[in-house]
Amino acid sequence: MNTSFLDRLLERTADWHTRLGQNMLSVNLLSPSVTLDDYRKNLFALFGFIEGFEKYIFPELTQFIPDLEQRRKTQIIKNDLVKLGQNINELETMPENYFRSMYTDPYAALGALYVLESSTLGGELIQKHLQDALKDPTVSKLKYFVAQGENADAMWKKFLNTFSALAEKSGKEENIIDGALRTLRLLDLVMTEESVKV
């Protein structure tokens, strides 16, 4: 595994990971006073990006990530949102031209996939927090943060091995890091916009 690349990636994205963790939607989700509506707002904010990314960009990544289909999250978010009372007709996907301008090559898109894959790393802890804080049976039916179940660690390690090997072999490390940074900035923006809605 190319640890120097992963070290550089972590170092270069650390500030944005921190900023995303300090976003109001993220803070509310981990608060002792979290509500089901906080969970809904979190998923609602992510939906437009995730659905668009999977629809428009996943096809370019199948050459790199063999188990990409198992990593799709659009339907999982949609199912969770329905269980949380969200009107599905209000969901919007970001437009294709936005993704084409954001990810001008598949290596930048790999950086985005890294952000999405790592975004559910603490999923079990988040799910447990929600169950403990809310004591609501609905929580056990929500799957976004535990989509991979018992396979989560193995799938993350498999992705990381493939991802770091691709970075090393391709020489496109800067493109990958740039894609990750763009994605973190964008997710922070969409989550901030959703957090200020009444």
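In this structure, F49, F53, Y103 and F163 are the most contacted members of the largest nonpolar core, which totals 62 residues. Ranked by residues supplied to this core, first place goes to helix α3 (residues 36-61) with 13 residues. Sequence-distant contacts of F163, that is, excluding residues within four places in its chain, are made with F5, L6, L9, L110, G111, Y114 and I176.

What the largest pocket holds in volume is close to 410 Å³. Together, 19 residues line the largest pocket, and L20, G21, S26, S119 and I126 are the ones closest to its centre. When contributions to the lining of the largest pocket are tallied by element, the ones reaching two or more residues are α1 (3-21), α2 (24-29), α3, α6 (106-118) and α9 (173-195). Counted by class, the lining of the largest pocket contains 11 nonpolar, 8 polar and no charged residues.

What follows concerns the side chain of Q127. Relative to the helices and strands, Q127 resides in helix α7 (residues 123-134). Assessed through its relative accessible area of 6%, Q127 is described here as buried. In this view, Q127 contacts V139, S140, L142, F145 and V146; residues no more than four positions away in its chain are not counted.

Attention now goes to the packing of α3 against α6. Between α3 and α6, whose axes approach to 10 Å, the crossing angle comes to 135 degrees. On the basis of their axis angle, the class for α3 and α6 is oblique. For the pair α3 and α6, the crossing hand works out as left-handed. Across the interface between the two elements, F49, I50, F53, I57, F58, E60 and L61 from α3 touch P106, A109, L110, A112, L113 and L116 from α6.

Position of M155 relative to the elements: it lies in helix α8 (residues 152-170). Overall, the relative accessible area of 9% leaves M155 in the buried class. Along the sequence, M155 and D67 sit 88 residues apart, while their C-alpha atoms lie 9.1 Å from each other. Once residues within four sequence positions are removed from consideration, M155 is found in contact with D67, Q70, R71 and Q148.

Let us look at the packing of aromatic side chains. Within the structure shown, the criterion is met by 14 aromatic pairs. On the basis of an interplanar angle of 40 degrees and a centroid distance of 6.0 Å, the ring pair of Y114 and W156 is categorised as tilted. Taken together, the residues span a long stretch of sequence, with Y114 in helix α6 and W156 in helix α8 at a distance of 42 residues. Per residue, the accessibility class of Y114 equals that of W156, and both read buried. Look at Y114 and F163: their rings are 5.2 Å apart centre to centre, the planes differ by 10 degrees, and that puts the pair in the stacked class. Of the two residues, Y114 sits in helix α6 while F163 sits in helix α8, which places them 49 residues apart along the sequence.

The rules behind each value
- Residues numbered from 1 in each chain as written.
- Predicted model: local features only at pLDDT ≥ 70, side-chain atom pairs only at ≥ 80, totals over all residues.
- Heavy atoms only, no water.
- Core = buried A, V, L, I, M, F, W, Y, C linked by side-chain atoms within 4.5 Å.
- Buried < 20%, exposed > 50% of the residue type's maximum accessible area, 1.4 Å probe, protein only.
- Helix = DSSP H or I, 4+ residues; strand = E, 2+ residues; numbered from the N terminus.
- Contact = heavy atoms within 4.5 Å.
- 1 Å grid on protein atoms, 1.4 Å probe; cavity = no way out; pocket = protein on both sides within 12 Å on 5 of 7 lines; lining within 4 Å.
- Points joined across faces, edges and corners; volume = space filled by probe spheres on them.
- Nonpolar A, V, L, I, M, F, W, Y, C, P; charged D, E, K, R; others polar.
- Axes fitted to C-alpha atoms, helices over the stretch in contact; angles between N-to-C directions.
- Parallel < 35°, antiparallel > 145°, perpendicular 65-115°, else oblique.
- Left-handed = near helix turned anticlockwise from the far one by under 90°.
- Phe/Tyr/Trp six-rings, centres within 6.5 Å; stacked < 30°, edge-to-face > 60°.

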